[in-house]
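For reference, the chains in residue letters:
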Amino acid sequence: MSARIGLMAALPEEMAAVLAAMPDEARVTLAGRDFWVGHLHGREVVAVLSGIGKVAAATTTALLASHFGVGQVVFVGVAGGLGDGVRVGDVVLADALMQHDMDASPLFPRFELPGKGLSRLPADPGAVARARVALSAALTPASLADTAPQGLQAADLAALGLDWPQVHQGLIVSGDRFVCTDGECAALRAAVPDALAVEMEGAAVAQVCHDFGVPCLVVRTVSDRADDAAHVDFPRFLRAVASPYASAMLSHLLPVL
Ligand code: SAH
């Protein structure tokens, strides 16, 4: 329960909200990345921007595990929704992660990680179960209205055409592409029918954590539906919603990990 937590966010807007809540952060720069060492919600944390894409996220995760000695990694970011009923504004908690652009066929089955004999990396089941309860508590109207600096009200969400968020649990897929056309989205849904969301880092984080024997948790807020409208929805959503969601979720998550 007391291990140091590596806290990764994909985007500066989310990291700004985290740093604002860390009273004693001290910066360590390594491999061109700023790692912020300090405390958040009573836990010892090392917070860092992952960078975008699998290689950037893998390097960052390896440094968290090997240099900073974290005992757990939590990734908070945004993703494109793929699953039926996974709406913009909802939250997806990964219980498994897979690289959707890994394909060494015919030498290995599509998606399989060569040498590992599996394609899907499970998240830590105990942490997922605790996170599920914490996220549901974090994403209530009362909790979101309480988020610094000015809270998120029903009217703010309604102005963006959003309902109150629902939490989904399942498979998240990652690849080095921002999926933003109807055609690519349909192909991905057909290839991996049970994928709930697509992003660009999670499966890389999970693979490095697997190698180091460090449990990982990936939580994604759905910023777009990975379709033709994704490039419009994404920046608008990021400003208004992703950062307050990240703050609310972490304040409930960190104490139970
Ligand atoms: N120019 C953009 C690029 C963001 S890339 C910017 O910096 O504002 C998209 C980021 O959000 C990645 O970190 C990825 O993990 C996540 N993401 C959100 N929607 C996605 C989608 N539809 N496809 C892939 N990644 C997505």
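Note: the structure precedes this text.
Residues numbered from 1 in each chain as written. Predicted model: local features only at pLDDT ≥ 70, side-chain atom pairs only at ≥ 80, totals over all residues. Heavy atoms only, no water.

Observations regarding the pattern of salt bridges
Side chains bearing opposite charge may pair, as long as their charged atoms lie close to each other.
Then, number 1: Counted according to the given criterion, the structure contains 11 salt bridges.
Then, number 2: Notably, a salt bridge pairs Arg4 with Glu44, separated by 3.0 Å at the nearest N-O pair. Taken together, the residues Arg4 in the segment before strand E1 (5-9) and Glu44 in strand E4 (residues 43-49) connect sequence positions 40 residues apart.
Then, number 3: Take Arg4: its relative accessible area is 22%, and that puts it in the partly exposed class.
Then, number 4: Here Asp211 and Lys116 are joined by a salt bridge, their closest N and O atoms 2.6 Å apart. Of the two residues, Asp211 sits in helix H7 (residues 202-212) while Lys116 sits in the loop between strand E6 (91-99) and strand E7 (121-122), which places them 95 residues apart along the sequence.
Then, number 5: Several salt bridges converge on common partners, so that one network encompasses Arg87, Asp90 and Asp163. (Salt bridge = Lys/Arg side-chain N within 4 Å of Asp/Glu carboxyl O. Helix = DSSP H or I, 4+ residues; strand = E, 2+ residues; numbered from the N terminus. Buried < 20%, exposed > 50% of the residue type's maximum accessible area, 1.4 Å probe, protein only.)

Side note on the nonpolar core
Then, number 1: In terms of nonpolar packing, the biggest core is built from 78 residues, with Val74, Leu217, Tyr245 and Met249 touching the most fellow members.
Then, number 2: Of all the elements, helix H8 (residues 230-253) adds the most residues to this core, at 10 residues.
Then, number 3: Not counting residues up to four positions away in its chain, the partners in contact with Tyr245 are Gly89, Val91, Leu139, Leu144, Leu152, Leu157, Pro165 and Thr221.
Then, number 4: If you look at the next biggest cluster of nonpolar residues, it comprises 13 residues, including Leu171, Val173, Val192 and Ala195. (Core = buried A, V, L, I, M, F, W, Y, C linked by side-chain atoms within 4.5 Å. Contact = heavy atoms within 4.5 Å.)

Details of the site of the ligand
Then, number 1: Close contacts around the ligand come from 17 residues, with Val78, Val179, Met200, Glu201 and Asp224 the closest.
Then, number 2: The side chain of Glu201 places a nitrogen or oxygen atom 2.6 Å from an oxygen atom of the ligand.
Then, number 3: About the coverage of the ligand: the protein hides 78% of its 570 Å² of free accessible area.
Then, number 4: When contributions to the shell around the ligand are tallied by element, the ones reaching two or more residues are strand E5 (72-81), strand E9 (195-199) and strand E10 (216-224).
Then, number 5: Partitioned by chemical class, the residues of the shell around the ligand number 10 nonpolar, 2 polar and 5 charged. (Near = heavy atom within 4 Å. Polar contact = N/O pair within 3.5 Å; in protein donor to acceptor, adjacent residues only side chain to side chain. Areas by Shrake-Rupley, 256 points an atom, 1.4 Å probe, with all protein chains shown as cover. Nonpolar A, V, L, I, M, F, W, Y, C, P; charged D, E, K, R; others polar.)

What to know about empty space enclosed by the protein
Then, number 1: Under the criterion given, the structure shown has 1 cavity of 30 Å³ or more.
Then, number 2: Roughly 40 Å³ of volume is contained in the largest cavity.
Then, number 3: Taken together, Leu7, Met8, Ala9, Glu14, Met15, Val18, Val76, Ala246 and Leu250 make up the full set of residues lining the largest cavity.
Then, number 4: Those elements that place two or more of their residues in the lining of the largest cavity are E1, helix H1 (12-20) and H8.
Then, number 5: Class assignment for the residues of the lining of the largest cavity results in 8 nonpolar, no polar and 1 charged. (1 Å grid on protein atoms, 1.4 Å probe; cavity = no way out; pocket = protein on both sides within 12 Å on 5 of 7 lines; lining within 4 Å. Points joined across faces, edges and corners; volume = space filled by probe spheres on them.)

A short note on the pairing of E1
Then, number 1: The buried count for E1 comes to 5 of 5 residues, which makes it a mostly enclosed element.
Then, number 2: Going residue by residue along E1, you find Ile5, Leu7 and Ala9 tucked away on one face and Gly6 and Met8 tucked away on the opposite face as well.
Then, number 3: With 5 bridges joining them, E1 and E5 adopt parallel strand pairing. For Met8, the partnering residue across the bridge sits in E5 and is Phe75. (Pairing = 2+ DSSP bridges.)

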